[in-house]
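Analysis of the macromolecular model
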Amino acid sequence: MPFRSLAVIASKTRMGGNIHLLLGTLLLSACMSMQKSPINTQAIDTRYLPSPDIQLVIDGLGPCTDAGDRTLRLKSGEPVNILVHGCYASAGRFRALAQVFAFQGQQAICYNYDDRASLAVVARDLRQSLDSLAGLTGHPEITLIGHSQGGLIARHALTTGIAETSDLNQTRQQLITLSAPFSGIRAADHCASHTARIISLGLVIPICMAISGDKWLEITHASDFIRRPGRLHPSVEEHLLIATDEAGSCRTRTDDQCREDDYVFSLAEQKLPPTLTSPLVRQITLKAGHTEIVGIGEHIPEVLIRTLQEEGILGKPEPARMSAYDNLLKTLYLSEWGRTATRNLNHVPARIHSD
Amino acid sequence: MHLFHLCLSLLLLTQMHMTHAADSRQAAAEACLKHRIQQHESCFVSHGKCPKGFETLAFFSDSTGTGFTACRDRRHTRGQTQPVTATAAMKSYNRFSEILKTKGMGEAKSLPNETIKLLRRHFSGFPLETLRFTQSTALGEGCFSDCEQIYCADATDIEQWTRTQNPVISVQLLHQIAHAESCRLHGGRERFVSRWFRYLPDEIHQQLASGEPVDPEKIHFTMFMENQAKHRSESICLRLSTCLQGAH
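Model, not experiment: these values are computed from the prediction.

Residue and element names in this part refer to chain A. Here the structure, examined in full by the defined rule, presents 8 disulfides over all chains. What pairs with Cys191 in a disulfide is Cys208, and their sulfur atoms sit 2.0 Å apart. Because the sign of the S-S torsion sets the handedness, a value of about -100° for the bond joining Cys191 and Cys208 places this disulfide among the left-handed ones. Here Cys191 is found in helix α6 (residues 189-192), whereas its partner Cys208 is found in helix α8 (residues 204-212), with 17 residues between them in sequence. Judged by relative accessible area, which is 0%, Cys191 ranks as buried. The exposure class of Cys208 is buried, given its relative accessible area of 0%.

As structure tokens, then:
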């Protein structure tokens, strides 16, 4: 049973405040309501990609699969899209999206990390890996795409803390965040609450740590990671902030009945603090579920794909390849996850507004 | 038949060259990666020689003799202050700035309101009204930003940017503004200049310390600041419908 439902039960019954509080602490991480992504070890079909001229093993970076071989095979100097997964996920989560990029001849790789580690530490490691990648592959254009917690990490990796002389700064960078909780995860508020600590006799902290790992405080609104996230380095060309209006979305459906909703973060949780808004940041709000936006289960991430195409991040297939492209999407997202249903790929993405 | 053999040979030669080039690039990348892991220092792969100011860690030649180099960047290992050099550098910079000023032609011009209005959104933390543009014969070509004071070799550029009727916004103008903005962000002229000098190649530091005259073109070299201004200007230009992407 999802923890969200447990909390509802607790609030409806006459349980004591302490029990409600303890249950509340269990809600501290959006990860808790997510299923672990299935392992995906299938290799990327590289036939449309430029021939690689370099092979590298860089910490964390690798192909978007869960296979053991983490060797990057890249064409140096060519733009690289780097996908950063959220919690309870892995590089394999973005295997299908990386394949969509590959179909258009665009290089896409993934950053794999321990989703329970400190976000600041992961962001620092990501920054170092990006720096190596930039220096060793001829300073290619880098587009960093982070989903959920991956969005927080990706943004932090590109903030002004980067050394001025780093190779990353010699590279054109673009940041895209999807459904990232920039204002902190509301369900984790208990972890930062002094009152909760006192009432629970200090139990809140070990519970929070047990559930979320080292990042337990960083995901709350009270943490420095959220309150003082730092400014984007001037070498970042743009931050495209894609927020998702997740209300009413459905993750899994059985016989037209929604079995599990896909509402993880409210728009308020995804809002960037006003002090961080700048001309570098452009916000788009899309009507999509939290995992639906990146494609999982029976969802083809049509909304995301169309948006990336409109923004010039993902190439559009030529008319002659449209049929192959549609088949690819169906194969990737419907067959890979063991689904047989097909969906209409031609509906217009539900962009609500953009700034 | 001969033609076929000739084509085949050429194809094989090209293939061999490509293989060698890829091998030397791979070798340079591996040397760099090893250096990064072992020394925790920045390193990058350069086609041919390392750019000025960077040390060669290892060179891997290919069949054409050009090859790839693993280049080490040790500028960050310098101390925060280098009193002797910093003073000499500041003096040298002031001297250069004075030359630009004395060889200035005509009065300094400001950006027109129309341009300021269009650019304010993109340079929100910077007072565009403070920018002054002057032609200077001390420059052979292009422009030089001494924080808010921008000197250009060509009067036409200044005229195009500062006229009130149909003023031009070009990537070159945005590039100069990006430098001026950087100067303010880094805490003003003194700090900006000393920071800028810290990243200059060693040979220029030695020249400055010994009082030798320094080529302004070389002083202008600081890779990261130039790239930063380049990226910033190009990305703003893309978002402005009226921006000229080309030279002016």
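Structure's up, so let's keep going.
With that settled, the discussion passes to the sheet that holds strand β1 (residues 43-47) of chain B. Residue and element names in this part refer to chain B. The strand order across the open sheet built from 3 strands is β1-β3-β2, with neighbouring strands paired in antiparallel fashion. The strands lining the two open edges of the sheet, one partner per strand, are β1 and β2 (55-60). Looking at each pair of strands side by side, their axes are set apart by 25° on average, direction ignored. Two strands pair when backbone bridges link them, and β2 and strand β3 (residues 68-72) are joined in this way by 5 bridges, in the antiparallel orientation. Bridge pairing in β3 links Phe60 to Phe68.

Before going further, it helps to spend a moment on the nonpolar core. Residue and element names in this part refer to chain A. One finds Ile82, Leu133 and Leu144 to be the most contacted residues of the largest nonpolar core, which totals 55 residues. Ignoring any residue separated from it by four or fewer positions in sequence, one finds Leu144 in contact with Ile82, Val84, Leu126, Leu130, Ala154, Leu158, Gln174, Leu175 and Ile176. Val100, Phe103, Ile284 and Leu308 belong to the second-largest nonpolar core, a separate cluster that totals 37 residues.

Time to look at the interface of chain A and chain B. The interface is formed by 26 residues belonging to chain A together with 29 residues belonging to chain B. Between chain A and chain B, roughly 2500 Å² of surface is buried when both sides are summed, and carbon and sulfur atoms account for 50% of that area. Here chain A and chain B share 2 salt bridges between them. Between Arg25 of chain B and Asp53 of chain A there is a salt bridge, with its nearest N and O atoms 3.4 Å apart. Linking chain A to chain B there are 5 residue pairs in polar contact (both at pLDDT 80 or more). At the level of elements, β1 (54-56), α4 (119-136) and β8 (236-245) of chain A are the ones that each hand at least two residues to the side of chain A that touches chain B. Take the side of chain A that touches chain B: its biggest share by element is 4 residues, from α4 of chain A. Here the residues of the side of chain A that touches chain B are counted per class, giving 8 nonpolar, 11 polar and 7 charged.

A few words now on the confidence of the model for chain A. Confidence along chain A averages 80 in pLDDT terms, with 79% of residues attaining 70 or more. Note that residues 25-30 of chain A has pLDDT below 50 and, in this model, 27 contacts with residues that lie over four places away or in other chains.

What counts, and at which threshold
Residues numbered from 1 in each chain as written. Chains lettered and ligands numbered in written order. Predicted model: local features only at pLDDT ≥ 70, side-chain atom pairs only at ≥ 80, totals over all residues. Heavy atoms only, no water. Disulfide = S-S within 2.5 Å. Helix = DSSP H or I, 4+ residues; strand = E, 2+ residues; numbered from the N terminus. Buried < 20%, exposed > 50% of the residue type's maximum accessible area, 1.4 Å probe, protein only. Pairing = 2+ DSSP bridges. Axes fitted to C-alpha atoms, helices over the stretch in contact; angles between N-to-C directions. Core = buried A, V, L, I, M, F, W, Y, C linked by side-chain atoms within 4.5 Å. Contact = heavy atoms within 4.5 Å. Buried area = accessible area lost by both parts, 1.4 Å probe. Salt bridge = Lys/Arg side-chain N within 4 Å of Asp/Glu carboxyl O. Polar contact = N/O pair within 3.5 Å; in protein donor to acceptor, adjacent residues only side chain to side chain. Nonpolar A, V, L, I, M, F, W, Y, C, P; charged D, E, K, R; others polar. pLDDT = per-residue confidence, 0-100.

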